[in-house]
Amino acid sequence: MLTIQEVEHVALLARLELSAEEKKMYAQQLGDILAYAQKLNQLNTQDVPPTAHVLPLKNVFRDDEAGEHLPPEKVLANAPDKEGQFFKVPRIV
Amino acid sequence: MEYEAVIGLEVHVELKTKTKIFCSSTTEFGGEPNTHTCPVCLGLPGVLPVLNKKVLEYAIRAALALNCEIAEYSKFDRKNYYYPDMPKNYQISQYDLPLARNGYLDIEIEGRTRRIGITRVHMEEDTGKLVHQGTITTTPYSLVDYNRAGVPLIEIVSEPDLRSPEEARVYMEKLRSIIQYTGVSDCKMEEGSLRCDANVSVRPKGAKEFGTKTEIKNMNSFRALYRALSYEVQRQIDVLEEGGRIVQETRTWDEGRGVTLPMRSKEEAHDYRYFPEPDLVPLVIDRQWVEEIRAALPELPDQRRQRYIRDFGLPAYDASVLTATVELADYFEACVARYPDAKTVSNWVMGELARLLNAHNMEITQCRITPEQLADMLRLIDQGTISGKIAKTVFEEMFVTGNHPEKIVREKGLVQITDEGAIATVVEEVMAKNPKVVEDYRAGKEKALGFLVGQVMKATRGKANPEIVNRLFKERL
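Residues numbered from 1 in each chain as written. Chains lettered and ligands numbered in written order. Predicted model: local features only at pLDDT ≥ 70, side-chain atom pairs only at ≥ 80, totals over all residues. Heavy atoms only, no water.

Asks: Honestly, the overall build of chain A in this entry has me stumped. Any pointers?
Replies: Helices and strands together make up the secondary structure of chain A, namely 3 helices and 3 strands. The N-to-C order of helical and strand elements in chain A reads α-α-β-α-β-β. For chain A, whose C-alpha radius of gyration is 22 Å, the value lies well above the compact-globule estimate of 12 Å for 93 residues. With the principal axes as the frame, chain A shows a C-alpha extent of 50 × 45 × 20 Å. For chain A, the proportion of its 93 residues judged to be buried stands at 20%. Carbon together with sulfur atoms contributes 56% to the accessible area of chain A, which is approximately 7,400 Å² in total. Side-chain charges of chain A comprise 10 positive and 14 negative groups, with the mean position of each set lying 3 Å from the other. (Helix = DSSP H or I, 4+ residues; strand = E, 2+ residues; numbered from the N terminus. Rg over C-alpha atoms; globule rule 2.2 N^0.38 Å. Buried < 20%, exposed > 50% of the residue type's maximum accessible area, 1.4 Å probe, protein only. Areas by Shrake-Rupley, 256 points an atom, 1.4 Å probe, with all protein chains shown as cover. Lys, Arg positive; Asp, Glu negative; His and termini not counted. Charge placed at Lys NZ, Arg CZ, Asp CG, Glu CD.)

Following this line, the structure appears as structure tokens:
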């Protein structure tokens with residue numbers, strides 16, 4: 001189980017406001033998930049190189065050639081709020 | 001107690017590819033807000049970023065120019081943070097396996113060479129731009145433009161090898177010069193294609209351990225870099241002298257007030273939860289390709305400077321100034337190709353030309369005097385058509401109008417008077433008008449001659465050949 005402080009810390013990083021109830025619930029749930037992932041540590045990985053990707057692919061590139069831009073009305077179609085052609089967001093700090 | 005500064009710089013350079021690092025949107029500067037965007041750089045669900053090969057090539061080229069080792073294996077990582085300058089809530093960067101490491105560049109400081117280590121060079125995407133009303137902390141809301149989001153950047157991290165604000169400034173200038181020579185970026189600090197953050201600490205001179213450091217942001221010019229670092233170093237010394245201790249924090253340079261101020265941290269310090277970017281496959285960098293890029297590296301500033309000293313016989317100072325930018329060096333060489341006396345060309349380029357460019361706040365690329373015209377003007381001096389003094393007037397006229405020197409000389413009647421008879425008449429008039437000065441000279445007052453010559457120049461509006469004037473006076477006195 002995570003501590004309440006740890007839950008508050010990750011909640012702040014994710015900009016989430018949690019009630020006391022929720023903090024308790026997530027402390028339990030996140031703790032369970034981490035405990036489950038911890039099982040992997042029981043495996044002996046001494047001879048296994050670290051893997052960042054599961055697919056045997058490397059060096060996939062594109063050429064430096066211009067393509068289509070999205071029209072502004074589409075760019076902003078899902079914006080919760082906008083002003084002119086800008087996305088509008090709450091004050092950040 | 002005597003202190004020394006310990007400074008490391010993190011420099012971001014925008015690469016001048018046509019398109020963004022992971023999508024085909026244009027990198028062009030400006031444009032209406034959010035028009036240079038596509039589903040990939042807007043971070044819409046289901047899209048797949050793909051690395052622009054030109055970005056990798058440019059990054060390798062820059063890293064090689066900085067004497068780095070290029071990694072055999074490299075990958076991208078996600079740097080997670082919640083801040084709306086990126087629509088995805090993370091920035092694609094490189095964490096533990098950067099493209100290149102262990103480089104250096106040499107700077108000249110107080111006549112000696114100092115080698116500054118380069119820890120690493122990595123690739124990442126630039127962020128969007130936020131527009132605030134007033135300041136970031138008082139604005140009621142912010143507006144976001146993602147045109148810049150996804151423009152390719154390289155980050156160049158130096159070792160904490162710099163020991164003064166002056167060294168930091170010289171390092172930054174040298175870095176800009178090298179990168180600019182490689183042709184991968186414009187490196188315009190004022191336009192944001194070259195940006196710099198600094199890690200600064202101080203310690204008693206000679207101490208081995210580092211002091212607690214602060215990170216300084218928002219330095220948007222070479223002057224700002226120098227001023228901000230000078231301020232911060234002194235601030236830290238003052239804190240320590242008063243028995244206080246330095247708080248590790250990020251501070252922002254306030255250009256108007258000339259101070260660094262603590263920034264409220266936008267993130268719990270460096271809690272970026274990096275992890276390998278699952279949408280991009282790893283890079284296994286072909287050695288032969290690296291060697292091809294190395295072989296194709298253009299002549300770099302140090303090599304060019306050495307060549308100017310060796311082949312043109314220029315003083316080290318001239319060579320450094322002339323090779324600071326590719327454009328200036330190219331201009332200088334184009335002039336020398338047409339007028340082989342390199343030192344004379346250097347004097348004019350570093351003297352009159354630099355003065356005029358400065359006064360008009362212009363770059364060498366905007367200069368209207370062509371290398372042909374500059375060479376032709378120098379020949380007019382050699383031929384005795386104009387004096388060196390008149391040449392400065394002609395040169396200024398060339399600078400303003402872009403006209404050929406011969407045209408200016410002809411139209412303004414600036415041709416030098418070399419007719420001895422005509423000059424002799426003026427010389428005698430001047431002697432007749434100034435009997436006292438003539439006597440002074442004859443009594444041994446050498447300086448009196450200068451006054452008499454000056455009078456002749458005044459009467460001929462500077463057009464009399466000065467050697468003839470001098471000789472005629474000496475014959476008569």
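Structure shown, so let's carry the discussion forward.
Asks: Looking at this structure, I do not really get the packing of aromatic side chains. What am I missing?
Replies: Two descriptors summarise a pair of aromatic rings, namely the distance from one centre to the other and the angle between the planes of the rings. Residues and elements named next belong to chain B. Within this structure, the stated rule accounts for 10 aromatic pairs over all chains. Look at Y272 and Y274: their rings are 6.1 Å apart centre to centre, the planes differ by 80 degrees, and that puts the pair in the edge-to-face class. Residue Y272 is classed as buried on the basis of its relative accessible area of 14%. With a relative accessible area of 28%, Y274 lands in the partly exposed category. (Phe/Tyr/Trp six-rings, centres within 6.5 Å; stacked < 30°, edge-to-face > 60°.)

Asks: Help me understand the pattern of salt bridges in this model?
Replies: Pairing between side chains becomes possible if they bear opposite charge and their charged atoms approach one another. All names here are of chain B. What the rule picks out here adds up to 49 salt bridges over all chains. The closest approach of N and O atoms between E72 and R287, which form a salt bridge, is 3.9 Å. Residue E72 is located in the loop between β3 (69-70) and β4 (73-74), and its partner R287 is located in helix α4 (residues 287-295); the two are separated by 215 residues in the primary sequence. Residue classification places R287 among the partly exposed positions, given a relative accessible area of 31%. Note that E333 is salt-bridged to R307, the shortest N-O span being 2.9 Å. With E333 in helix α7 (residues 326-338) and R307 in helix α5 (residues 301-312), the pair connects residues that are 26 residues apart, well separated along the chain. Owing to a relative accessible area of 21%, E333 belongs among the partly exposed residues under this scheme. (Salt bridge = Lys/Arg side-chain N within 4 Å of Asp/Glu carboxyl O.)

Asks: What's the story with unusual backbone geometry in this structure? I'm lost.
Replies: Trans is the prevailing form of peptide bonds, just as negative phi is the prevailing case for residues other than glycine. One non-glycine residue with positive phi stands out, namely N59(A), at about 50 degrees. Exposure remark for N59(A): the relative accessible area of 27% places this residue in the partly exposed category. The residue N218(B) is not glycine, and still its phi comes out positive at about 70 degrees. Considering the arrangement of structural elements, one finds N218(B) in strand β13 (residues 214-219).

Asks: Would you take a moment to explain α7(B) for this structure?
Replies: An α-helical turn contains 3.6 residues, so a residue and the one three or four places further along point in the same direction. All names here are of chain B. For α7, built from 13 residues, the straight-helix expectation of 18 Å at 1.5 Å per residue is met to within 8% by its first-to-last C-alpha distance of 19 Å. Turning to α7, its buried residues are V326, L328, A329, Y331, F332, C335 and V336. Those residues of α7 that are buried lie in contact with α2 (165-182), α5, α6 (316-322), α8 (342-359) and α9 (371-382). (Expected span 1.5 Å × (residues − 1). Contact = heavy atoms within 4.5 Å.)

Asks: How do you make sense of the interface of chain A and chain B when you look at a structure like this?
Replies: Many authors give the size of an interface as the accessible area that is lost as the parts come together. Taken together, the contact pairs 33 residues of chain A with 58 residues of chain B. Between chain A and chain B, the buried area comes to about 4,000 Å², and carbon and sulfur atoms account for 63% of it. Applying the counting rule to chain A against chain B returns 0 salt bridges. By residue number, the principal contributor to the side of chain A that touches chain B is strand β3 (residues 86-90) of chain A, which donates 5 residues. In the side of chain A that touches chain B, the residues fall into 17 nonpolar, 6 polar and 10 charged. Relative to strand β2 (residues 51-52) of chain B, strand β1 (residues 61-62) of chain A is paired through 2 bridges, and the arrangement is parallel. Looking at the pairing, F61(A) lines up with L51(B) of β2(B). (Buried area = accessible area lost by both parts, 1.4 Å probe. Nonpolar A, V, L, I, M, F, W, Y, C, P; charged D, E, K, R; others polar. Pairing = 2+ DSSP bridges.)

Asks: Sorry if this is basic, but what is going on with the packing of helix α12 (residues 420-433) of chain B against helix α15 (residues 466-476) of chain B here?
Replies: Each pair of packed helices gets described by two things: the angle between the helix axes and the distance between those axes. Residues and elements named next belong to chain B. Close contact between α12 and α15 brings their axes to 10 Å; oriented N to C, the two are set at 55 degrees. In terms of axis orientation, α12 runs oblique to α15. Here α12 and α15 pass one another in a crossing that is right-handed. Where α12 approaches α15, its residues E420, I423, A424, V427, E428, V430 and M431 are matched on the opposing element by I468, V469, R471, L472, F473 and R476. A per-class count over the contact of α12 with α15 returns 9 nonpolar, no polar and 4 charged. (Axes fitted to C-alpha atoms, helices over the stretch in contact; angles between N-to-C directions. Parallel < 35°, antiparallel > 145°, perpendicular 65-115°, else oblique. Left-handed = near helix turned anticlockwise from the far one by under 90°.)

Asks: How should the pairing of strand β6 (residues 90-93) of chain B be read in this particular structure?
Replies: Regular strands show a simple pattern: their side chains alternate between the two faces of the sheet. Residue and element names in this part refer to chain B. Both faces of β6 are covered, namely the face carrying Y90 and I92 and the face carrying Q91 and S93. Strand direction decides the pairing type here: strand β5 (residues 77-80) and β6, joined by 4 bridges, are antiparallel. Bridge pairing in β6 places K79 opposite Q91.

Asks: I'm lost on the environment of L13(A) in this one. Help?
Replies: Residues and elements named next belong to chain A. Among the structural elements, L13 can be located in helix α1 (residues 4-13). We classify L13 as buried; its relative accessible area is 1%. The spatial distance from the C-alpha of L13 to the C-alpha of N44 is 33 Å, given a sequence separation of 31 residues.

Asks: Sorry, what's going on with the pairing of β3(A) here?
Replies: Summarising the sheet, strand β2 (residues 82-83) of chain A and β3(A) pair through 2 bridges and their orientation is antiparallel. Across the sheet, E83(A) pairs through a bridge with F86(A), a residue of β3(A). Hairpin remark: β2(A) followed by β3(A), antiparallel, with 2 residues in the connecting loop; positive phi at G84(A), about 55 degrees. Of the strand pairs in this sheet, β3(A) and strand β10 (residues 141-145) of chain B are connected by 4 bridges, and their pairing is antiparallel. Opposite K88(A), over in β10(B), you have L143(B) as the bridge partner.

Asks: What's the story with the environment of N44(A) in this structure? I'm lost.
Replies: All names here are of chain A. Within the element layout of this structure, N44 appears in the loop between α2 (20-38) and β1. On the basis of relative accessibility, which here comes to 65%, the residue N44 falls in the exposed class. Between the C-alpha atoms of N44 and E73, which are 29 residues apart in sequence, the distance is 53 Å. Of the polar contacts made by the side chain of N44, one reaches the backbone nitrogen of Q46; its length is 3.0 Å. (Polar contact = N/O pair within 3.5 Å; in protein donor to acceptor, adjacent residues only side chain to side chain.)

From the geometry alone we can't say anything about function, so treat these as descriptive.
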